[in-house]
Amino acid sequence: LLLLLPLLLPSSSAAPSLSSVRWYVSSGRVDANVAFARARPGALTGFYGCCGSFSVAADGSVKTRGNLSDIAARHKHALDSKVLSYHAVFSVDPKAILSGAGEKAAPVLALAAKEGGADGLLCDYEPDFNYTDAHAEQYASFLLALRKELNLKGLTLGMDVAGWGLLDKFDIYGDSADFYTSMSPTYNAQNLTKNKEFVRAMERTLGAERVSVGIGSTPQPGYEKYCSNMPSYNYTNETLTSFLSFLKITAQVSGVDIWRCDIDHYGKTADFFVSALEQYLKPSNITPCSGHRCDTDACPCGCECGTDQDPGLCYVPADRENRDEIPTDDDQSKAG
């Protein structure tokens with residue numbers, strides 16, 4: 001008989017590292033962004049300063065807008081209790097990508113981000129034509145050149161991805177950025193099954209630790225007019241809580257990113273929405289069974305297959321939840 005060495009299951013007070021929650025904000029609305037952070041400090045870990053702090057022109061030259069040093073510092077130090085992250089969102093002219101001229105912008109962008117005190121950059125590139133692999137490969141080449149320059153300075157590069165056009169060719173972009181954050185379809189709660197499938201596709205190719213999932217915000221009742229420039233993203237308390245639970249416990253992605261529906265005309269985000277994010281950031285009891293499914297593979301040793309709610313989910317049997325009976329992978333290899 002195989003003898004399994006025990007693993008001490010985490011108690012209710014034990015927890016993995018916290019996930020991230022970063023909000024897209026209008027970089028020019030610093031006072032409002034700082035006020036939000038101070039009012040709800042448990043609902044965020046950082047900001048994406050949107051949009052166009054930098055732009056790469058067709059010839060590869062870089063244009064800047066605003067005083068990044070001041071903007072980044074005020075966002076990062078909005079709270080006394082912790083330092084928030086700040087990534088500047090930038091755009092690229094498709095001609096710069098297709099000609100290769102954009103790559104000469106890489107050292108310029110990296111130096112500007114470093115000198116401006118940002119934690120890195122987030123590339124928002126959404127061409128509406130030429131959805132070929134060749135175009136994606138040219139874009140990946142640009143991103144990789146920029147990532148190398150940023151990493152040399154201790155900064156990170158993010159890429160906006162989506163389920164359309166050029167932005168879902170994950171096999172091409174796999175090594176191009178430090179993290180990937182989704183737009184459509186996950187911004188919208190209209191089809192959570194589709195959203196989960198998209199997240200899983202990102203994970204398979206990019207790795208859960210580099211996946212961040214974008215979610216479109218819901219306005220507080222009475223503030224809908226402030227979201228007039230954006231579609232309705234349809235998240236309710238029920239759908240948001242369910243999706244966040246999937247992302248944290250099952251998918252175990254690195255975090256979520258919030259696209260403010262009122263980013264053009266600041267109003268107020270629904271209280272339930274912010275409260276759900278505060279809950280998401282709280283430590284949770286994740287076991288060795290968490291995130292494993294038995295409809296695609298065997299459960300880890302000591303876990304059982306199928307709950308009443310999800311017949312394909314691995315779980316810790318009730319009689320073992322407080323006992324030292326779930327082995328680690330190392331334990332299993334020793335037993336073999």
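This text gives an overview of the structure that appears in the document. For clarity, every value in this text was computed on a predicted model and none was experimentally measured. (Residues numbered from 1 in each chain as written. Predicted model: local features only at pLDDT ≥ 70, side-chain atom pairs only at ≥ 80, totals over all residues. Heavy atoms only, no water.)

Thoughts on the packing of helix α7 (residues 192–206) against helix α8 (residues 237–251)
- At a minimum axis distance of 11 Å, the contact between α7 and α8 shows a crossing angle of 25 degrees. Classed by the angle they form, the pair α7 and α8 counts as roughly parallel. For the pair α7 and α8, the sense of crossing is right-handed. Contacts between α7 and α8 involve Leu192, Asn195, Lys196, Val199, Arg200 and Glu203 from the first element and Thr239, Phe243, Phe246, Leu247, Thr250 and Ala251 from the second.
- Here the contact of α7 with α8 is composed, by residue class, of six nonpolar, three polar and three charged. (Axes fitted to C-alpha atoms, helices over the stretch in contact; angles between N-to-C directions. Helix = DSSP H or I, 4+ residues; strand = E, 2+ residues; numbered from the N terminus. Parallel < 35°, antiparallel > 145°, perpendicular 65-115°, else oblique. Left-handed = near helix turned anticlockwise from the far one by under 90°. Contact = heavy atoms within 4.5 Å. Nonpolar A, V, L, I, M, F, W, Y, C, P; charged D, E, K, R; others polar.)

Details of the side chain of Arg22
- Within the element layout of this structure, Arg22 appears in strand β1 (residues 20–26).
- A relative accessible area of 10% means that Arg22 is categorised as buried.
- A polar contact of 3.4 Å, which involves the side chain of Arg22, links it to the side chain of Asp257.
- Setting aside its immediate chain neighbours within four residues, Arg22 contacts Thr45, Gly46, Phe47, Tyr48, Ser85, His87, Phe179, Ser212, Val256, Asp257 and Ile258. (Buried < 20%, exposed > 50% of the residue type's maximum accessible area, 1.4 Å probe, protein only. Polar contact = N/O pair within 3.5 Å; in protein donor to acceptor, adjacent residues only side chain to side chain.)

What about the nonpolar core?
- Core analysis: the biggest nonpolar cluster contains 93 residues, and Trp23, Phe90, Leu121, Tyr139, Phe142, Ile215 and Leu247 have the highest contact counts within it.
- Looking at this core, the element that brings in the most residues is helix α5 (residues 133–152), giving eight residues.
- Residues in contact with Phe142, not counting those within four places in the same chain, are Phe90, Val92, Ile97, Gly102, Glu103, Leu109 and Cys123.
- Residues Cys289, Cys299, Cys314 and Val316 belong to the second largest nonpolar core, which totals six residues. (Core = buried A, V, L, I, M, F, W, Y, C linked by side-chain atoms within 4.5 Å.)

Describing the pattern of salt bridges
- Within the structure shown, the criterion is met by nine salt bridges.
- For Arg40, the salt bridge identified is with Glu278, shortest N-O distance 2.9 Å. Of the two residues, Arg40 is situated in the loop between α1 (30–39) and β2 (46–56) and Glu278 in helix α9 (residues 271–281); the sequence distance between them amounts to 238 residues.
- Residues Asp262 and Arg260 are paired through a salt bridge, measuring 2.8 Å at the closest nitrogen-oxygen approach.
- Arg260 gets classed as buried once you look at its relative accessible area, which sits at 6%.
- In the salt-bridge network here, residues are joined through shared partners; they are Asp31, Asp70 and Arg74. (Salt bridge = Lys/Arg side-chain N within 4 Å of Asp/Glu carboxyl O.)

Considerations on the packing of aromatic side chains
- For the structure on display, the rule yields 16 aromatic pairs.
- Taking 6.2 Å as the distance between ring centres and 10 degrees as the angle between the ring planes, the aromatic pair formed by Tyr187 and Trp259 counts as stacked. Remark: Trp259 occurs in strand β9 (residues 255–259) and Tyr187 occurs in the loop between β7 (179–182) and α7; sequence separation between them is 72 residues.
- By relative accessible area, Tyr187 is classed as buried at 10%.
- Exposure remark for Trp259: the relative accessible area of 13% places this residue in the buried category.
- Aromatic side chains Phe272 and Phe273 sit 6.4 Å apart centroid to centroid with 65 degrees between the ring planes, which places their arrangement in the edge-to-face category.
- For Phe273, a relative accessible area of 0% gives the class buried.
- The rings of Tyr24, Tyr48, Phe179, Tyr187, Tyr233 and Trp259 are connected pair by pair, giving a single aromatic cluster.
- One cation-aromatic arrangement involves Lys248 over Tyr280; the distance from NZ or CZ to the ring centre is 5.7 Å. (Phe/Tyr/Trp six-rings, centres within 6.5 Å; stacked < 30°, edge-to-face > 60°. Lys NZ or Arg CZ within 6 Å of the ring centre and 35° of its normal.)

Looking at the side chain of His87
- Along the chain, His87 falls in strand β4 (residues 85–92).
- Not counting residues within four places of it along the chain, the set of residues in contact with His87 comprises Arg22, Phe47, Tyr48, Gly49, Asp119, Gly120, Leu121, Thr156 and Phe179.

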